[in-house]
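If you want the building blocks of each chain, they are given just below.
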Amino acid sequence: MACCQSYIPDYFAITDILSTEERISCKIEVELPGLGFLDSSCQSENLKVGTKVEFPLWLAEPLKNLQNSVVSVDIPKIYKEGYREILEADAEVIVLSKWNPFYYELGMHVRKFSDRDYEIITESLLQTFKSRFQLVMDWSQNAMSDPTLSIQLPRLERDLFLIGQQAKIRLVEWLKMGTNELVVSEITTNLKKRKREQYEFD
Amino acid sequence: MYGRKGFKLISELDLYSDILPFNEALIKEVLQEMQSLYDANVANSNAIRNDNNMALLPSVQLRHIALKRNKRCILAYIYNRMRKLKELRWELGSILPPEINTNLINAEVQWFQSYNKSLAKYMRSLGEDHGFNLTTNMVPPKTLYVEVKCVEDFGKLELDDGQVILLKKNTYHLLPRSVCEPLIRQGILEHKST
């Protein structure tokens, strides 16, 4: 039985923590005393104004949102106009997970950086998802599809793909009237597999 | 960069779906990082108060954000393990297999026991003074008895009516469904559907 989380992304959400680790290039606007070591090329003790650093998103976002912004941030290139145009042209052929495995989740954070592009990035994310969703749906409904497919998808689509595949399998089972069988818990199967591996290893 | 170790904790959760040994060493490193962040902040904020040196403020804010991030990582690590444990209770029943038990720390074992207690108390309070086991019949039953094959030596099993049967490897039995269901999920019996 799955115990669901109440809302997404919540404080404990693994995907949100993973996606906010993404590096964002920032420019220091206020001198940071004693933190020179955060920039590996910096020799001095302090982080000087104008230094370019790569901060993870979880650090860059609140620093920018402080009353007097400590950093100014640059939106990652995959959400900029050039890349948006590529997606507009044909979103289905792109291996989106190579751009970023958390393309959508990161995009939802990044769009807040720019007042000007806020609407445009949101719209672009939605359109990209819409046009790719059909593809994901198609793949998940074909039992014969390539197992490497799921690696090519960013996390959100991959999860949908796996859920879709499972739903398909359960539907087929149900149509064969075979739902009444009691099955071994997945956890037990995994444990047994590991035991066997260990045994062979010894 | 701050927060790297906390991130490592979380990516470990993400990589493996089952419960791994509690990563105490890494937790300790994260806590150490938090301690040094805290110490630096205390020193700086004292300097701000005493010398009115406001130039230090941005650094304090940066460290504070890093502290909060580390806290989030650790809490998420503990919370997500707990969630998995909760799922195990519903899948495998109140006794955990030794492979999983050895991966837990004391606090987690205690939590699991008190979760068991709460659940048992709740199930006892349901129904007319018999209680009601919520973990049975996860799929709608069609027959009261099911045919099962025993895949592991289990030993004696006492049924509700007091009858004792011996579950030996490679024997077939016709048993009440409610008795078999947990054993099938644990992989001791195998359901033979006709």
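Predicted model, so just to flag it, every value in this text is computed and none were measured.

This paragraph deals with the pattern of salt bridges. Following the criterion strictly, the structure yields 11 salt bridges over all chains and no others. For B:Arg4, the salt bridge goes to A:Glu21, with nearest N and O atoms at 2.8 Å. A residue pair is termed interchain when its members come from two chains, as with B:Arg4 in helix α1 (residues 4-15) and A:Glu21 in the loop between α1 (14-19) and β1 (23-28). Judged by its relative accessible area of 41%, B:Arg4 falls in the partly exposed class. Residue class for A:Glu21 comes out buried when judged on its relative accessible area of 5%. Across the pair B:Asp14 and A:Arg155 runs a salt bridge, and its minimum N-O distance is 2.9 Å. Here B:Asp14, found in helix α1, pairs with A:Arg155, found in helix α8 (residues 155-175), and the two come from separate chains. Overall, the relative accessible area of 29% leaves B:Asp14 in the partly exposed class. Relative accessible area serves as the criterion here: at 14%, A:Arg155 is assigned to the buried category. Because the salt bridges share partners, they merge into one network encompassing A:Glu21, A:Arg23, B:Arg4 and B:Arg69.

Let us look at the UniProt feature "domain: GINS subunit" (unreviewed entry) in chain B. The UniProt record annotates "domain: GINS subunit" (unreviewed entry) at residues 56-126 of chain B. Across residues 56-126 of chain B, the secondary structure splits into 85% helix and 0% strand, with the terminal C-alpha atoms separated by 60 Å.

The next point concerns helix α6 (residues 177-185) of chain B. Residues and elements named next belong to chain B. Across the nine residues of α6, seven count as buried, placing the element largely inside the fold. Among the residues of α6, Arg-177, Val-179, Cys-180, Glu-181, Leu-183, Ile-184 and Arg-185 are the ones counted as buried. Looking one or two residues past α6, Gly-187 carries a phi angle of roughly 85°, positive in sign.

Here we come to the sheet that holds strand β5 (residues 189-191) of chain B. All names here are of chain B. Taken together, the three strands give an open sheet; going across it, the order is β4-β1-β5, and neighbouring strands pair in antiparallel fashion. Each having just a single partner strand, β4 (172-176) and β5 make up the two edges of the open sheet. Strand-to-strand twist of the sheet, defined as the mean angle between neighbouring strand axes without regard to direction, takes the value 45°. Pairing of strand β1 (residues 145-150) with β5, which is carried by three bridges, proceeds in the antiparallel orientation. Within β5, the residue paired with Lys-149 across the bridge is Glu-190. Packed onto the sheet, α6 meets β1, β4 and β5 and runs at close to 120° relative to β4.

On to the packing of helix α5 (residues 103-110) of chain A against helix α6 (residues 118-141) of chain A. When two helices pack together, their arrangement is given by the angle between their axes and by how far apart the axes lie. Residues and elements named next belong to chain A. Orientation of α5 relative to α6, taken along the N-to-C sense of each, is 165°, at an axis distance of 9 Å. What the angle tells us is that α5 and α6 run roughly antiparallel. In this structure, α5 meets α6 at a crossing whose hand is left-handed. Residue-level contacts link Tyr-103, Tyr-104, Gly-107 and Met-108 of α5 to Ile-121, Leu-125, Thr-128, Phe-129 and Arg-132 of α6.

Before going further, it helps to spend a moment on the pairing of β1(B). Within a regular beta strand, the side chains point alternately toward one face of the sheet and then the other, so they alternate between its two faces. Residue and element names in this part refer to chain B. Side chains Val-146, Val-148 and Cys-150 project from β1 onto a buried face, and the interleaved Tyr-145, Glu-147 and Lys-149 project onto a face without burial. Across five bridges, the pairing between β1 and β4 is antiparallel. Opposite Glu-147, over in β4, you have Leu-174 as the bridge partner.

Residues and elements named next belong to chain B. At a closest axis distance of 9 Å, the pairing of helix α2 (residues 24-51) and helix α3 (residues 57-92) adopts a crossing angle of 155°. With respect to α3, the element α2 is oriented roughly antiparallel. For α2 against α3, the interelement crossing comes out left-handed. Note on element contacts: α3 touches α2 through Leu-57, Ser-59, Val-60, Arg-63, His-64, Ala-66, Leu-67, Asn-70, Lys-71, Ile-74 and Tyr-77, opposite Ile-27, Val-30, Leu-31, Glu-33, Met-34, Leu-37, Tyr-38, Ala-40, Asn-41, Asn-44 and Ile-48.

Let us now look at the confidence of the model for chain A. Across chain A, the average pLDDT comes to 83, with 85% of residues at or above 70. Every residue in residues 1-6 of chain A scores below 50 in pLDDT, and together they form 11 contacts with partners more than four places removed in sequence or on other chains.

Residues and elements named next belong to chain A. Pairing in this open sheet of three strands is antiparallel, and the strands run β2-β1-β3 from one edge to the other. Of all strands in the sheet, those with a lone pairing partner are β2 (52-56) and β3 (71-73), marking the two edges. On average, adjacent strands in this sheet sit at an angle of 45° to one another, irrespective of strand direction. The pairing of β1 with β2 spans five bridges and is classified as antiparallel. Looking at the pairing, Arg-23 lines up with Pro-56 of β2.

Conventions and cut-offs
- Throughout this document, residue positions are counted from 1 along each chain, in the order its sequence is written.
- A letter from A marks each chain and a number from 1 marks each ligand, given out in the order of writing.
- Given that the model is predicted, a residue must reach a pLDDT of at least 70 before its local features are reported, and side-chain atom pairs must reach 80 or more before they are shown or counted; all residues, however, enter totals for whole chains, interfaces and linings.
- As a convention, hydrogens and water are excluded, and side-chain values are obtained from all of the structure's heavy atoms.
- By definition, a salt bridge exists where a carboxyl oxygen of Asp or Glu is found within 4 Å of a side-chain nitrogen of Lys or Arg.
- Secondary structure elements follow DSSP: runs of H or I no shorter than four residues count as helices, runs of E no shorter than two count as strands, and numbering proceeds from the N terminus.
- Buried, partly exposed and exposed residues are distinguished by accessible area as a fraction of the type maximum, computed with a 1.4 Å probe on protein chains only: under 20%, between the cut-offs, and over 50%, respectively.
- UniProt positions are given in the numbering used here, feature names are shortened, and annotations may be inferred rather than shown by experiment.
- The rule for pairing is simple: two strands pair if DSSP sees at least two bridges between them.
- For every element, the axis is a line fit to its C-alpha atoms; helices are fit only across the contacting stretch, and the angle between N-to-C directions ranges from 0 to 180 degrees.
- By the convention used here, residues are in contact when the closest approach between their heavy atoms is within 4.5 Å.
- Orientation is classified from the angle alone, with under 35 degrees giving roughly parallel, over 145 giving roughly antiparallel, 65 to 115 giving roughly perpendicular, and any other angle giving oblique.
- Take the far helix as your reference; a near helix turned counterclockwise from it by less than a right angle gives a left-handed crossing, and one turned clockwise gives a right-handed crossing.
- For every residue, the predictor assigns a confidence score, pLDDT, that lies between 0 and 100.

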